[in-house]
Amino acid sequence: MTELQLTLSPEQSADNQFIKKQIAKNLDIETNDISEFKIIRKSIDARGRIPLVIMQLRVFINENTDKHIYQEPFNYRNVSNKKEVIIIGAGPAGLFAALRLIELGFCPIIVERGKNVKERKVDVANISKNKELNEESNLCFGEGGAGTFSDGKLYSRSNKRGNTNRIIEIFHYHGAKDEILYEAHPHIGTDILSVVVTNIRKTILECGGQILFSAKVIDILIENGKAKGIRLADNSVLKSNYVILATGHSARDIYRLLQEKNIAIQAKGFAMGVRVEHPQELINHIQYKGYKSEFLPAASYNLTSQVDGRGVYSFCMCPGGMIVPSATERGQVVVNGMSSSTRNSPFANSGIVVELHPKDFTEFHQYGELCGVYFQQQLEHLAYASNGGQNQKAPAQRLTDFIRGRLSADIHKSSYLPGIVSSPIHFWLPKLIGDSLREGFKVFDKKMKGFVTSEAIILGVESRTSSPVRIPRHKDTLQHIQIQGLYPCGEGAGYSGGITSSAIDGQRVAEQISLIDNEKNR
């Protein structure tokens, strides 16, 4: 077995016979000597006139090959009679905490306010048809969390959080495609994610864990500074000395509960803005410099700028994707993006957001550490009001009109299924955000000539980029700074951003629980 790197055209990279000949030529062997080759890394270099595909290959020469061997075997065992750990939330942090707890010999009990994936899809479809929003089952709440209805990106802005490869392998083990093992920027796609999440649930249940759906937590039980369990909306009580709080960034009722119970929380910075949508063909033309090939994926982009010392950047870019309604309360409009595994939509969309800090929310300082939450809510209600109260129809504006400060007389077709309404977003968006976005878009047009065009539209508002609250925890034990046995975890607690980092944080918390429990039992 040996490894080899090839630089190929998009067409060559799709031709296994050509690849085999190039391997033989580079290694000075016959093609018949090649038992098999596997892609271990694949990326695209689009800097030149013709895009190039860089492939790192593992070549097996005159030897038998096996299926993918994971770094470490998975030890999912029967834990039905083991010590129970309560996990609030069935998003990536909660699910991956549960999987790791099983490996460590604990029985996870997940309580999720929303529904399982199959039932959740019905509620999501109703929202897309502009019917009434279910506040407990939507694109944020339910099995798999907000990540289930997203692009399913499996890469993180930070390399410091943990073993990303292990997380990717767990997704692969539960049904994700082989491509996530070697793509430079792996993504699963919302269609495959729902299958993977269902398989993760099966693993947890087969090992003796429990998952309770439509189970909303209304209280965290605390005695003498120690977590003792939770109370659900039906007034039932679950008890455990270990409670993982992995609710995601939209569970505002949990933040309010913690504030009411005088459990420490902290206001933190986040970002808000709009979602921009272009024809995917235009983004391909810009990024691939006019080169066309059926063997190139839908092009993406990652844009950043500084406007008066404040970051403006693209967020959750979805090539070949669609814009989706992500509100969790009636009377709000919130937008986000998602893509299928094939990324074959004719549209490309991305959040374009402005960096915000707690000091920006002076109007809401009477709400203390929840000032950012109320700032978010105000903008989401404004977006709803600007559509004339037409449920989840989103306010929209041509990008060029937004920059020039004028109402759009007509709007291009959008991927956003509930529908769009022409709105003067430039007028009602807070000045701080609007001015920063306008200047940011101008910078982006210099980086990607043609980005600012009348063919592009913006939809409002993109407000759920990350949590506006951090739930403080000890650096070493990961327990809340006041409450022993309470473990703030994942994006909702302010410790991750996206699927991969949330999953890593869930696993880290599980490992700390095991470590602390072992020390107690010595």
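Note that the coordinates shown come from a computational prediction; the quantities given were computed from them, not determined experimentally. (Residues numbered from 1 in each chain as written. Predicted model: local features only at pLDDT ≥ 70, side-chain atom pairs only at ≥ 80, totals over all residues. Heavy atoms only, no water.)

## Some words on the overall build of the chain
Reasoning step 1: Counting its secondary structure elements, the chain contains 13 helices and 22 strands.
Reasoning step 2: Expected size for 522 residues packed as a compact globule is a radius of gyration near 24 Å; at 24 Å, the chain falls within 12% of this value.
Reasoning step 3: Overall, the C-alpha framework of the chain stretches about 70 × 65 × 40 Å when taken along its three principal axes.
Reasoning step 4: For the chain, with 522 residues in total, the buried portion stands at 55%.
Reasoning step 5: For the chain, long-range pairs separated by at least 24 residues make up 72% of all intrachain contacts whose partners lie at least 6 apart in sequence.
Reasoning step 6: Taken as a whole, the chain presents about 22400 Å² of accessible surface, with 46% of it coming from carbon and sulfur. (Helix = DSSP H or I, 4+ residues; strand = E, 2+ residues; numbered from the N terminus. Rg over C-alpha atoms; globule rule 2.2 N^0.38 Å. Buried < 20%, exposed > 50% of the residue type's maximum accessible area, 1.4 Å probe, protein only. Contact = heavy atoms within 4.5 Å. Areas by Shrake-Rupley, 256 points an atom, 1.4 Å probe, with all protein chains shown as cover.)

## Details of the pattern of salt bridges
Reasoning step 1: Within the structure shown, the criterion is met by 30 salt bridges.
Reasoning step 2: The salt bridge involving Arg252 is made with Glu380; its shortest N-O contact spans 3.0 Å. Of this pair, Arg252 sits in helix 7 (residues 252-260) while Glu380 sits in helix 9 (residues 371-385); the two residues are 128 residues apart in sequence, bridging distant segments of the chain.
Reasoning step 3: Here Arg438 ties to Asp435 by a salt bridge, and the two come within 2.8 Å at their closest N and O atoms. With Arg438 and Asp435 both in helix 12 (residues 431-447) and three residues apart, the pair spans about one turn of that helix.
Reasoning step 4: Since its relative accessible area comes to 29%, Asp435 is described here as partly exposed. (Salt bridge = Lys/Arg side-chain N within 4 Å of Asp/Glu carboxyl O.)

## A few points about the sheet that holds strand 22 (residues 486-488)
Reasoning step 1: Spatially, the five strands line up as an open sheet ordered 6-5-4-10-22, and their pairing is parallel. Either end of the sheet is taken by a strand with one partner, and the two such strands are strand 6 (210-212) and strand 22. With direction set aside, neighbouring strand axes in the sheet form an average angle of 20°.
Reasoning step 2: Judged from the three bridges that link them, strand 10 (residues 243-245) and strand 22 form a sheet pairing that is parallel. The partner of Ile244 across the bridge, within strand 22, is Tyr487.
Reasoning step 3: Packing against the sheet, helix 3 (residues 92-103) makes contact with strand 4 (84-88), strand 5 (107-111) and strand 10, and its axis sits at approximately 165° to strand 5. (Pairing = 2+ DSSP bridges. Axes fitted to C-alpha atoms, helices over the stretch in contact; angles between N-to-C directions.)

## Quick notes on helix 3
Note that an α-helix has 3.6 residues per turn; residues three or four places apart therefore point the same way.
Reasoning step 1: Look at helix 3: 17 Å from first C-alpha to last across 12 residues, which is about the 16 Å you get at 1.5 Å a residue.
Reasoning step 2: Counting buried positions over the 12 residues of helix 3 gives 11, a clear majority of the element.
Reasoning step 3: Looking at helix 3, one finds that the buried residues are Pro92, Ala93, Gly94, Leu95, Phe96, Ala97, Ala98, Leu99, Leu101, Ile102 and Glu103.
Reasoning step 4: In this structure, the buried residues of helix 3 make contact with strand 4, strand 5, helix 5 (164-173), helix 6 (190-206), strand 10 and helix 13 (499-520).
Reasoning step 5: With its phi angle positive at about 90°, Gly105 sits one or two positions after the end of helix 3. (Expected span 1.5 Å × (residues − 1).)

## Quick notes on the pairing of strand 3 (residues 52-61)
Reasoning step 1: In this structure, strand 1 (residues 2-8) lies alongside strand 3, joined through seven bridges in antiparallel fashion. Its bridge partner lying in strand 3, Thr7 is registered against Ile54.
Reasoning step 2: Hairpin geometry of strand 2 (residues 34-45) and strand 3 is characterised by an intervening segment of six residues between the two adjacent antiparallel strands.

## Some thoughts on the environment of Pro418
Reasoning step 1: Mapped onto the elements, Pro418 comes out in the loop between helix 10 (399-404) and strand 19 (420-422).
Reasoning step 2: Placed 288 residues apart in sequence, Pro418 and Asn130 show a C-alpha to C-alpha distance of 4.7 Å.
Reasoning step 3: Apart from residues lying up to four places away in sequence, Pro418 is in contact with Ile127, Ser128, Asn130, Pro325, Gln392 and Lys393.

## Thoughts on the environment of Asn391
Reasoning step 1: Mapped onto the elements, Asn391 comes out in the loop between helix 9 and strand 18 (394-398).
Reasoning step 2: Given a relative accessible area of 35%, Asn391 falls into the partly exposed group.
Reasoning step 3: Counting along the chain gives 258 residues from Asn391 to Leu133, while the straight-line C-alpha distance between them is 8.2 Å.
Reasoning step 4: With sequence-adjacent residues up to four places away left out, Asn391 is seen in contact with Asn130, Lys131, Val333 and Tyr384.

## A few points about the packing of helix 3 against helix 6
Reasoning step 1: The contact between helix 3 and helix 6 brings their axes to 10 Å, and the two run at 35°. Read as a crossing pair, helix 3 and helix 6 show a hand that is left-handed. In this structure, helix 3 contributes Leu95, Phe96, Ala98, Leu99 and Ile102 to the contact, and helix 6 contributes Val197, Ile200, Thr203 and Ile204.
Reasoning step 2: Each residue belonging to the contact of helix 3 with helix 6 can be placed in one class, and the counts come to eight nonpolar, one polar and no charged. (Left-handed = near helix turned anticlockwise from the far one by under 90°. Nonpolar A, V, L, I, M, F, W, Y, C, P; charged D, E, K, R; others polar.)

## Re the side chain of Ser9
Reasoning step 1: Positionally, Ser9 belongs in the loop between strand 1 and helix 1 (10-13).
Reasoning step 2: By relative accessible area, which is 18% here, Ser9 ends up buried.
Reasoning step 3: With sequence-adjacent residues up to four places away left out, Ser9 is seen in contact with Pro51 and Val53.

## Structural notes on the packing of aromatic side chains
For any two aromatic rings, the description comes down to two numbers: the centre-to-centre distance and the angle of the planes.
Reasoning step 1: Enumeration according to the criterion identifies 16 aromatic pairs in this entry.
Reasoning step 2: Judged by centre distance (4.7 Å) and plane angle (35°), the rings of Phe361 and Phe375 are tilted. One end of the pair, Phe361, is in the loop between strand 17 (347-356) and helix 9; the other, Phe375, is in helix 9, with 14 residues separating them in the sequence.
Reasoning step 3: Phe375 gets classed as buried once you look at its relative accessible area, which sits at 10%. (Phe/Tyr/Trp six-rings, centres within 6.5 Å; stacked < 30°, edge-to-face > 60°.)

## Comments concerning helix 4 (residues 117-128)
Reasoning step 1: Relative to the 16 Å expected for 12 residues at 1.5 Å per residue, helix 4 spans 16 Å between its end C-alpha atoms, a close match to the ideal helical length.
Reasoning step 2: Along helix 4, the residues that are buried comprise Val117, Arg120, Asp123, Val124, Ile127 and Ser128. Along the axis of helix 4, the buried residues cluster in a sector spanning 145°; they form a single face.
Reasoning step 3: Structurally, helix 4 contributes buried residues whose contacts are with helix 6 and strand 15 (321-325). (Arc of directions from axis to C-beta.)

## Here's the deal with unusual backbone geometry
Reasoning step 1: Looking along the chain, the bond that leaves Gly460 and enters Val461 is cis, with omega of -5°.
Reasoning step 2: Its location among the elements puts Val461 in strand 20 (residues 457-462).
Reasoning step 3: Positive phi, close to 55°, is recorded for Asp28, a residue that is not glycine.
Reasoning step 4: Inspection of the secondary structure assignment puts Asp28 in the loop between helix 2 (16-27) and strand 2.
Reasoning step 5: Residue Asp28 is classed as exposed on the basis of its relative accessible area of 70%.
Reasoning step 6: Of note, the phi angle at Ser214 is positive, near 50°, even though the residue is not glycine.
Reasoning step 7: Positionally, Ser214 belongs in the loop between strand 6 and strand 7 (217-223).
Reasoning step 8: According to the relative accessible area criterion, Ser214 is exposed, its value standing at 52%.

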